[in-house]
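Structural features, examined
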Amino acid sequence: ITELSQMRSGYTKPITPEITKLTGITADMVAGHKIDLAEVESILGGGLLVIAHNAAFDRPHAERLSSAFAKCPWACSQSQIDWQAEDFEGSKLCYLAMGAGFFYDRHRAVNDCHAAIELLSRRLPVSGQLGLAALLDCARKPTRRINAFGSPFETKDILKVRGYRWDGDAKVWWTDAPEADAEAELEWLRAEIYRHPGREIPSKRITAMDRFSDRAGRAA
């Protein structure tokens, strides 16, 4: 979807040599092809769950392709299963497939989809839960996006170790906490980062309808 999603209204984003080296896809291979948006929107019309491996990357591209993607809940098979706890050494789809004992011709959309379906249809090696069930359990739970605006520079390493990520555009460290744990996380920020027990810290409730989209990226 990354390359083809650029093809609408007569606009085509060139395929760079780096992308060709990674995927084997050239400009000649996609010349004259386009996504049938009417077909896409008819499929998504019922608000189907969209599963992507790295949804944080794919969802913004998909929503620029069609607003129908914004009306669907999304789940991420890369980040919403604790692959490390399940004894996998990485979360890339090809690594997970190898860890599960199968190989596939990657960097082709249909092949990647089939690999993800195969992976999610199997039981996880430690918990014994079906991969899809574990993913859905996580995707259904609301989270809170917490932004540590104005955090002292010297606390950046503490935040990083805690699992916060840096948003270079907004100039803020942020994290997504399970809703049940959000207040405890806010108290930790007040005590350990700001040293101000009464400080107001913005947070935003996130569900599968907005998670991984640009809309989820800022707390009010």
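A brief structural summary. Quantities reported herein were computed from a predicted structural model and do not represent experimental measurements.

Each value, and the rule that gives it
Residues numbered from 1 in each chain as written. Predicted model: local features only at pLDDT ≥ 70, side-chain atom pairs only at ≥ 80, totals over all residues. Heavy atoms only, no water. Helix = DSSP H or I, 4+ residues; strand = E, 2+ residues; numbered from the N terminus. Buried < 20%, exposed > 50% of the residue type's maximum accessible area, 1.4 Å probe, protein only. Pairing = 2+ DSSP bridges. Axes fitted to C-alpha atoms, helices over the stretch in contact; angles between N-to-C directions. Contact = heavy atoms within 4.5 Å. Phe/Tyr/Trp six-rings, centres within 6.5 Å; stacked < 30°, edge-to-face > 60°. Lys NZ or Arg CZ within 6 Å of the ring centre and 35° of its normal. Core = buried A, V, L, I, M, F, W, Y, C linked by side-chain atoms within 4.5 Å.

1. Here's the deal with unusual backbone geometry
- Phi at Asn 54 takes a positive value of approximately 90°, unusual for a residue other than glycine.
- Within the element layout of this structure, Asn 54 appears in the loop between strand E1 (50–52) and helix H4 (55–65).
- Of note, the phi angle at Phe 212 is positive, near 75°, even though the residue is not glycine.
- Assignment of secondary structure puts Phe 212 in the segment after strand E6 (203–206).
- Residue classification places Phe 212 among the buried positions, given a relative accessible area of 16%.

2. Re the sheet that holds E6
- If you walk across this open sheet you meet the 4 strands as E4-E5-E3-E6, and the pairing is antiparallel. Each of the sheet's edge strands pairs with one partner strand only, and the pair in question is strand E4 (165–167) and E6. Between one strand axis and the next, the sheet turns through 30° on average, direction left out of account.
- Sheet analysis places E4 next to strand E5 (residues 172–178), joined by 3 bridges and oriented antiparallel. Across the sheet, the residue bridging to Trp 166 is Trp 173, located in E5.

3. Quick notes on H4
- In terms of burial, H4 is a largely internal element, 8 of the 11 residues being buried.
- Inspection of H4 places Ala 55, Asp 58, Arg 59, Pro 60, His 61, Ala 62, Glu 63 and Leu 65 among the buried residues, and these make up the whole buried set.
- On its buried face, H4 sits against helix H3 (37–44), E1 and strand E2 (74–76).

4. Observations concerning the environment of Leu 132
- In this structure, Leu 132 sits in helix H7 (residues 131–140).
- Here the alpha-carbon distance between Leu 132 and Ile 81, two residues 51 residues apart in the chain, equals 9.1 Å.
- Among residues more than four places away in sequence, those in contact with Leu 132 are Ile 51 and Leu 120.

5. Topic: the packing of aromatic side chains
- Applying the stated rule across the entire model yields 4 aromatic pairs.
- Taken together, a centroid distance of 5.5 Å and an interplanar angle of 55° make the contact between Trp 166 and Trp 173 tilted.
- One residue, Arg 162, lies across the ring of Trp 188, its end atom 4.1 Å from the ring centre.
- In this structure, Arg 199 packs its charged tip against the face of Tyr 194, placed 3.9 Å from the ring centre.

6. A word on the nonpolar core
- The biggest cluster of nonpolar side chains holds 16 residues, and the ones touching the most others in it are Ile 81, Trp 83, Leu 93, Leu 96, Leu 119, Leu 124 and Leu 135.
- Of all the secondary-structure elements, those providing two or more residues to this core are helix H5 (93–100), helix H6 (109–120) and H7.
- Examining the composition of this core, we find that 4 residues originate from one element, H6, more than from any other.
- In this structure, Leu 96 is in contact with His 53, Trp 83, Phe 88, Gly 90, Ser 91 and Leu 119, ignoring residues within four places of it in sequence.
- Counting 14 residues, the second largest nonpolar core, distinct from the first, contains Leu 44, Ala 55, Leu 65 and Phe 69.

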